[in-house]
Amino acid sequence: MTASAQSHDMLQIAAIAADAKGGEELVALDVSEPLPLVDVFLLVTGRSERNVAAIADEVEDRLLEAGHKRLRREGRKEARWVLLDFGDLVVHVFHEEERMYYGLERLWKDCPVVPIEIPARTAAE
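A brief report on the enclosed structure follows. What you see is a predicted model, and the numbers here were worked out from it, not measured in a lab.

Before going further, it helps to examine the sheet that holds strand E1 (residues 24-30). Reading across from one edge, E3-E4-E5-E2-E1-E6 is the order of the six strands in this open sheet, with mixed pairing throughout. Because the sheet does not close on itself, it has two edges, and the strands there are strand E3 (72-74) and strand E6 (113-114). Those strands touched by helix H1 (residues 5-20) are E1, strand E2 (40-46), strand E5 (89-95) and E6, and its axis lies near 5° from that of E2.

Written out as structure tokens, the structure is:
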């Protein structure tokens with residue numbers, strides 16, 4: 001089983017939103033094989049609690065605007081690791097220390113990486 005076209009569309013929306021708020025080290029993993037209810041994990045790093053919160057808020061806003069329903073949100077108050085569950089897509093926005101500590105890339109290393117396409121920004125942006 002591989003990630004659906006809808007989950008790829010959701011991933012693109014989320015990745016562009018995360019990038020717009022300064023999200024770094026974006027990695028998408030196709031977890032559809034080991035997890036039957038989720039297709040893709042998007043991992044994003046923020047440099048501070050404020051940055052983590054801003055990234056999570058932007059991702060959530062853009063996905064909601066696109067008509068996707070949020071099932072759950074965890075960690076927004078502390079803003080060290082915010083989890084946004086949109087069903088087919090789960091977005092993990094980490095503070096850089098938490099990302100290194102929990103090492104989700106290591107835990108899911110057998111899952112294929114999904115390419116992310118972020119349009120280049122112009123000098124005016």
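A separate point is H1. Count 3.6 residues to each turn of an α-helix, and residues three or four apart come out pointing the same way. If you check H1, its first and last C-alpha atoms are 23 Å apart, about what 16 residues at 1.5 Å a residue would give, namely 22 Å. Within H1, the full set of buried residues consists of Ser7, Met10, Leu11, Ala14, Ala15, Ala17 and Ala18. What you see down the axis of H1 is that its buried residues fit within an arc of 165°, all on one side. Where H1 is buried, its residues meet E1, E2, helix H2 (49-65), E5 and E6. The first or second residue beyond H1 is Gly22, which carries a positive phi of 90°.

Once that is clear, we can look at the environment of Leu104. Along the polypeptide, Leu104 turns up in helix H4 (residues 104-107). For the pair Leu104 and Leu29, spaced 75 residues apart in sequence, the C-alpha to C-alpha distance is 9.9 Å. Here Leu104 is in contact with Leu43, Trp81, His92 and Phe94, once residues within four sequence places are set aside.

Put simply, H1 and H2 touch, their axes get as near as 8 Å, and they point 140° apart. Our classification of the angle between H1 and H2 gives oblique. The two elements H1 and H2 meet at a crossing, and its hand is right-handed. Counted together, Met10, Ile13, Ala14, Ala17 and Ala18 of H1 and Ile55, Glu58, Val59, Arg62 and Leu63 of H2 form the full contact between these two elements. Class assignment for the residues of the contact of H1 with H2 results in eight nonpolar, no polar and two charged.

This paragraph deals with the packing of aromatic side chains. What describes a pair of aromatic rings is the distance from one ring centre to the other and the angle between the planes of the rings. For the structure shown, the criterion picks out four aromatic pairs. Taking 5.4 Å as the distance between ring centres and 85° as the angle between the ring planes, the aromatic pair formed by Phe41 and Trp108 counts as edge-to-face. Of this pair, Phe41 sits in strand E2 while Trp108 sits in the loop between H4 and E6; the two residues are 67 residues apart in sequence, bridging distant segments of the chain. On the basis of relative accessibility, which here comes to 7%, the residue Phe41 falls in the buried class.

Next up on the list: the pairing of E1. Where E1 lies against E2, five bridges are found, and the strand directions are antiparallel. Within E2, the residue paired with Leu29 across the bridge is Phe41. Pairing of E1 with E6 involves two bridges; the strand directions are antiparallel. Across the sheet, the residue bridging to Ala28 is Val114, located in E6.

Definitions and cut-offs
Residues numbered from 1 in each chain as written. Predicted model: local features only at pLDDT ≥ 70, side-chain atom pairs only at ≥ 80, totals over all residues. Heavy atoms only, no water. Pairing = 2+ DSSP bridges. Helix = DSSP H or I, 4+ residues; strand = E, 2+ residues; numbered from the N terminus. Contact = heavy atoms within 4.5 Å. Axes fitted to C-alpha atoms, helices over the stretch in contact; angles between N-to-C directions. Expected span 1.5 Å × (residues − 1). Buried < 20%, exposed > 50% of the residue type's maximum accessible area, 1.4 Å probe, protein only. Arc of directions from axis to C-beta. Parallel < 35°, antiparallel > 145°, perpendicular 65-115°, else oblique. Left-handed = near helix turned anticlockwise from the far one by under 90°. Nonpolar A, V, L, I, M, F, W, Y, C, P; charged D, E, K, R; others polar. Phe/Tyr/Trp six-rings, centres within 6.5 Å; stacked < 30°, edge-to-face > 60°.

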